[in-house]
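Each chain is listed here by its residues.
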Amino acid sequence: MRLQYDAADEAFRAELIDWLAENTPPRELLNSEKLSSAWMPDWVRAWQRKLFDAGWLVPGWPPEYGGRNATASQQMIYFDELSRRQIVRTWNPQALGIIAPSIDDYGTDEQKQRFVLPTLRAEIGWCLGMSEPGSGSDLASLQTKAVLDGDEFVVNGQKVWTSGAQHADWCLCFVRTDPTVPKHKGISALIIDMKLPGIDCRPFPELTDPDYCDFNEVFFNDVRVPKENLLGTLNGGWPITQGSLAHERAMLWIDHAYLLQLAVQSMVDLGDRIGPSGTRLGDDPKFRDSVASFQVDAMAMMAMGYRGFSKFMAGRSAPEHSLLKLFGSERMQQCILAGAEFLGPNALEVNEPGPRLWRNGSWMIQYLRSFSATLPGGTSEIQRNIIAERVLGLPR
Ligand SMILES: Cc1cc2nc3c(=O)[nH]c(=O)nc-3n(C[C@H](O)[C@H](O)[C@H](O)COP(=O)(O)OP(=O)(O)OC[C@H]3O[C@@H](n4cnc5c(N)ncnc54)[C@H](O)[C@@H]3O)c2cc1C
């Protein structure tokens, strides 16, 4: 197991830290707007572009894509330093983490040229059309269909939970192109212009904030998509769903590791608040025990992540990473719940200063919001199935 970074890695870290110190937008700005996943006001685009121009948006990518061919350990340093500082590099995470890499992996030269750089430069925003009312965890059962008619696919059906669809320029959309073959084999991926006639986006408000709509239902009614917007081969969409979800999961474990740390730090901040019994929470031994237990788990999670990473660097498989999303998202949720329980009725107050986790909101709101972390990229139950079958080798 390798426990240190070498001199080149540390030089990379030093350069990154210096750059971030000079260039990161002020925290007030980062927290100031309720941004949906594809709504990018000017300063958001400018910030992503600044990272891109400096080679700090996607350091693992080659220089022609604005990267610096950073090694895996340097990329780990990169995510570590950003997450440690709660710096968000993009407000269109599905574009950066899933869609651009998928187009780079499966796209034609023309598609790569047309979409990858403009996406990285924040010139265009994306949504991801996977889930449907009857197809979430069982994505292969999706029903939105596309029929080839001359030079165009005609798309009909409905997606749901489509983050940021109302603001997105484009959608990477998974559709059924052959209903006669086993379900995994009849799916294709289409790049759909969200301004095409026949697309109806219906945003719906979130339980945690009625003024904030990130989720959408998206209806496709005889939408005509040019044939050249097929990504990969006809009926070859399933490996793309697997590839893109692998990218998403790779992104999520790091997020979850730090979300748990942030939740613990937020709880530490609560120590100065007065609890329901009228005393300072930090003076309550049960509160201190609880904080310590979450802190130990946060540290264990980071250690597990680094152990998996060390195996990965040595070319071995790293089952640890399958556990991290599950453990991190669930433990983070338990931590927020514990904070709310210690606060008692005060958990309903608007928090000032608030938990450092998401947009502002009371501890109760943060608790409700924490459920969403256990769903995308594979729900907790699906993660458990994966661990049971693929890591432990148990029967289906
Ligand atoms: C914040 C957020 C953002 C999202 N953004 C997008 C997006 O941009 N685009 C998009 O397409 N989708 C998006 N989703 C949707 C997400 O991918 C789905 O919610 C997820 O795949 C689960 O599908 P579902 O909601 O249909 O639940 P279902 O699959 O219907 O599951 C319902 C329950 O049954 C359980 N379950 C299902 N199958 C099994 C099984 N085999 N074994 C055991 N338990 C099972 C699940 O764990 C869950 O508890 C987003 C979701 C969230 C929370």
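As the structure is a computational prediction, the values presented were derived from the model and not from experiment.

> Where do I start with the overall build of the protein in this structure?
When helices and strands are counted, the protein shows 11 helices and eight strands. Over its C-alpha trace the protein gives a radius of gyration of 22 Å, about what one expects of a compact globule, namely 21 Å for 396 residues. In terms of overall dimensions, the protein has C-alpha extents of about 75 × 50 × 50 Å along its principal axes. In the protein, which comprises 396 residues, the share counted as buried stands at 40%. Taking the contacts inside the protein whose residues are at least 6 apart along the sequence as the reference set, 69% of them involve residues at least 24 apart.

> What should I look at first to understand helix H10 (residues 363-370) in this one?
Of all eight residues that make up H10, seven are buried, and the element is covered over most of its length. Where the residues of H10 are buried, they touch helix H9 (320-343).

> Where do I start with the site of the ligand in this structure?
The environment of the ligand is formed by 18 residues, the closest being Met-130, Gly-136, Ser-137, Thr-379 and Glu-381. Contributions of two or more residues to the shell around the ligand are made by strand E1 (126-129) and helix H11 (380-391). The residue inventory of the shell around the ligand, partitioned by class, reads seven nonpolar, 10 polar and one charged. Two domains share the shell around the ligand, each providing at least three of its residues, namely domain 2 (126-236) and domain 3 (240-391).

> Help me understand the nonpolar core in this model?
It is characteristic of soluble globular proteins that their nonpolar side chains tend to be buried jointly. Ranked by internal contacts, the top residues of the largest apolar core, which has 59 residues, are Trp-126, Cys-171, Leu-172, Leu-190, Ile-192 and Leu-231. The biggest single contributor to this core is helix H5 (residues 93-106), with seven residues. Two domains each provide a minimum of three residues to this core, namely domain 1 (7-120) and domain 2 (126-236). Those residues in contact with Cys-171, other than ones at most four positions away along the chain, are Trp-126, Cys-127, Gly-129, Ala-165, Ile-192 and Met-194. One finds Leu-259, Leu-260, Leu-343 and Met-364 within the second-largest nonpolar core, a separate group that totals 32 residues.

> Just to check I follow, could you spell out the domain arrangement of the protein for this structure?
For an interface, size is often stated in terms of accessible area lost upon the parts coming together. Partitioning the protein into domains gives domain 1 (7-120), domain 2 (126-236) and domain 3 (240-391). When each unit is reduced to the centre of its C-alpha atoms, the spacing between domain 2 and domain 3 is 31 Å. Of the residues lining the interface, nine residues belong to domain 2; the matching set on domain 3 comes to eight residues.

> Which parts of the structure should I look at to understand the packing of H5 against helix H6 (residues 109-120)?
When two helices pack together, you describe them by how their axes are tilted relative to each other and by the distance separating the axes. Remark: H5 packs on H6, axes separated minimally by 9 Å, with the N-to-C direction vectors making an angle of 160°. Here H5 is positioned roughly antiparallel relative to H6, judged by the angle of their axes. Every pair of crossing elements has a handedness; the one defined by H5 and H6 is left-handed. Of the residues in H6, those touching H5 at Ala-95, Ile-99, Ala-100, Ile-103 and Asp-104 are Gln-111, Lys-112, Phe-115, Val-116, Thr-119 and Leu-120. Of the residues that constitute the contact of H5 with H6, the class distribution is seven nonpolar, two polar and two charged.

> Before we go on, may I ask you to explain the environment of Met-302 in this structure?
Along the chain, Met-302 falls in helix H8 (residues 285-313). Here Met-302 falls in the partly exposed class, since 17 other C-beta atoms lie within 10 Å of it. Spatially, the C-alpha atoms of Met-302 and Gln-111 are 38 Å apart, while their sequence positions differ by 191 residues.

> Looking at this structure, how should I read the pairing of E1?
Strand residues, when the strand is regular, have side chains that alternate between the two faces of the sheet. The side-chain alternation of E1 yields two buried faces, one formed by Trp-126 and Leu-128 and the other by Cys-127 and Gly-129. Bridge analysis of E1 against strand E4 (residues 170-176) gives four bridges, and the strand direction is parallel. Pairing of Cys-127 across the sheet is with Cys-171, part of E4.

> Explain unusual backbone geometry to me, please; I cannot follow it from the model alone.
The bulk of non-glycine residues show a negative phi, and the bulk of peptide bonds are trans. Positioned with a positive phi, Trp-161 is a non-glycine residue whose angle comes to about 65°. By the secondary structure assignment, Trp-161 is in the loop between strand E3 (152-160) and E4. Classification of Trp-161 as buried rests on a count of 21 C-beta atoms within 10 Å.

> I keep staring at H9 and nothing clicks. Help me out?
Residues spaced three or four apart along an α-helix face the same direction, because each turn holds 3.6 residues. Between its first and last C-alpha, H9 extends 34 Å over 24 residues, near the 34 Å set by a 1.5 Å rise per residue. Counting buried residues in H9 gives 19 out of 24 residues, a clear majority hidden from the surface. Following H9 by one or two positions, Gly-344 adopts a phi angle in the positive range, close to 65°.

> Mind showing me how you'd approach the environment of Ala-70 here?
Along the polypeptide, Ala-70 turns up in the loop between helix H3 (42-53) and helix H4 (72-84). The exposure class assigned to Ala-70 is buried, which follows from the 20 C-beta atoms found within 10 Å. Spatially, the C-alpha atoms of Ala-70 and Gln-48 are 18 Å apart, while their sequence positions differ by 22 residues. In this structure, Ala-70 is in contact with Phe-12, Pro-59, Gly-60, Gln-75 and Tyr-78, ignoring residues within four places of it in sequence.

About the criteria used
Residues numbered from 1 in each chain as written. Predicted model: local features only at pLDDT ≥ 70, side-chain atom pairs only at ≥ 80, totals over all residues. Helix = DSSP H or I, 4+ residues; strand = E, 2+ residues; numbered from the N terminus. Rg over C-alpha atoms; globule rule 2.2 N^0.38 Å. Buried ≥ 20, exposed ≤ 12 C-beta atoms within 10 Å, placed from the backbone. Contact = placed C-beta atoms within 7 Å. Near = placed C-beta within 6 Å. Nonpolar A, V, L, I, M, F, W, Y, C, P; charged D, E, K, R; others polar. Domains from an automatic or database assignment. Core = buried A, V, L, I, M, F, W, Y, C linked by C-beta atoms within 7 Å. Axes fitted to C-alpha atoms, helices over the stretch in contact; angles between N-to-C directions. Parallel < 35°, antiparallel > 145°, perpendicular 65-115°, else oblique. Left-handed = near helix turned anticlockwise from the far one by under 90°. Pairing = 2+ DSSP bridges. Expected span 1.5 Å × (residues − 1).

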